[in-house]
Amino acid sequence: MDNPLDIVVTVVWWVVIAAACVAIHWAEKKRQERIRTIFVAPGLLYNSEMGVVRLSPDDEVVDALQAILSNLTYGFELAELPANSRVRFQRIVHSSKFGDAGATWEGDVVEVSRPDRPREFHDRNELASLVRGAV
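Only a predicted model underlies this, so the values are computations on that prediction, with no experimental measurement involved. (Residues numbered from 1 in each chain as written. Predicted model: local features only at pLDDT ≥ 70, side-chain atom pairs only at ≥ 80, totals over all residues. Heavy atoms only, no water.)

In this section: the environment of Ala19. When you line up the elements, Ala19 lands in helix α1 (residues 4-35). Taking the relative accessible area as the measure of exposure, Ala19 reaches 45% and is therefore partly exposed. Considered as a pair, Ala19 and Gly43 are 24 residues apart in the sequence and their alpha carbons are 45 Å apart. (Helix = DSSP H or I, 4+ residues; strand = E, 2+ residues; numbered from the N terminus. Buried < 20%, exposed > 50% of the residue type's maximum accessible area, 1.4 Å probe, protein only.)

If you look at the biggest cluster of nonpolar residues, it comprises 22 residues, and the most contacted ones within it are Leu45, Leu65, Val93, Trp105 and Leu127. Among the elements of the structure, β1 (38-41), α2 (61-70), β4 (91-99), β5 (104-111) and α3 (124-131) are those that each provide at least two residues to this core. The greatest single-element share of this core, amounting to six residues, is contributed by α2. Sequence-distant contacts of Leu65, that is, excluding residues within four places in its chain, are made with Ile38, Val40, Leu45, Val93, Trp105 and Leu127. (Core = buried A, V, L, I, M, F, W, Y, C linked by side-chain atoms within 4.5 Å. Contact = heavy atoms within 4.5 Å.)

Here we come to the side chain of Gln66. By secondary structure assignment, the location of Gln66 is in helix α2. Here Gln66 falls in the buried class, since its relative accessible area comes to 18%. If sequence neighbours within four positions are ignored, Gln66 has contacts with Phe98, Ala101, Gly102, Trp105 and Arg124.

So, about a nonpolar patch on the surface. On the surface, a cluster of nonpolar side chains totalling about 430 Å² of accessible area is made up of Leu5, Val8, Val9, Val12 and Val16. You can see Val16 is positioned in helix α1. (Patch = residues over 30% accessible without salt bridge, like charges linked within 9 Å, V, L, I, M, F, W, Y side chains within 5 Å. Areas by Shrake-Rupley, 256 points an atom, 1.4 Å probe, with all protein chains shown as cover. Salt bridge = Lys/Arg side-chain N within 4 Å of Asp/Glu carboxyl O.)

Backbone geometry at Tyr74 places phi at a positive 60°, although glycine is not the residue there. Looking at the element boundaries, Tyr74 is found in the loop between α2 and β4. A relative accessible area of 18% means that Tyr74 is categorised as buried.

This part takes up the pairing of β1. Sheet faces and side chains relate simply in a regular strand, where the side chains alternate between the two faces. Summarising the sheet, β1 and strand β2 (residues 44-47) pair through four bridges and their orientation is antiparallel. Looking at β2, one finds that Phe39 is bridged to Tyr46. In this antiparallel pair of consecutive strands, β1 and β2, the connection spans two residues, and Gly43 shows a positive phi of 85°. Pairing analysis gives three bridges linking β1 to β4, with the strands arranged antiparallel. Looking at β4, one finds that Val40 is bridged to Arg91. (Pairing = 2+ DSSP bridges.)

Another aspect to go through is α1. In this model, α1 (32 residues) spans 47 Å end to end at C-alpha, consistent with the 46 Å of a helix rising 1.5 Å per residue. If you check which residues of α1 are buried, you get Arg31, Glu33 and Ile35. In this fold, the buried residues of α1 make contact with β2 and β4. (Expected span 1.5 Å × (residues − 1).)

Here we take up the packing of aromatic side chains. One pass over the structure, following the stated rule, counts four aromatic pairs. Look at Phe98 and Trp105: their rings are 5.1 Å apart centre to centre, the planes differ by 85°, and that puts the pair in the edge-to-face class. As far as the burial class goes, Phe98 and Trp105 line up, both buried. An aromatic cluster of three or more residues is present, and its members are Phe39, Tyr46 and Phe89. (Phe/Tyr/Trp six-rings, centres within 6.5 Å; stacked < 30°, edge-to-face > 60°.)

This is how it looks when you write it as structure tokens:
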């Protein structure tokens, strides 16, 4: 060892690299959570990646939510809401965890009229009871 400072610089360098990797992973996880956010209105859903998804009266909201989440690619191109749209969203569904085709599904539902009181869900059945009547 030529200089003890070499070891210190190397250790600091690897700590900085590890911290950067952790920060990138955390930021990507948060970005994916934002993409999994779906706005619910009567007869339609909106997701930033998939855009507007119209529902027929026979469609179950939770089935449509699951279909959207299952087909996300988490790309960087975002769909826009039509400029002339006058949609009044009733609920916002944040899915913090989604996997195994909906077997793992956690998050919260926010009523637009009461944004300060989000209601958490831990599975598909709890979500269904929170969004019932949204169509």
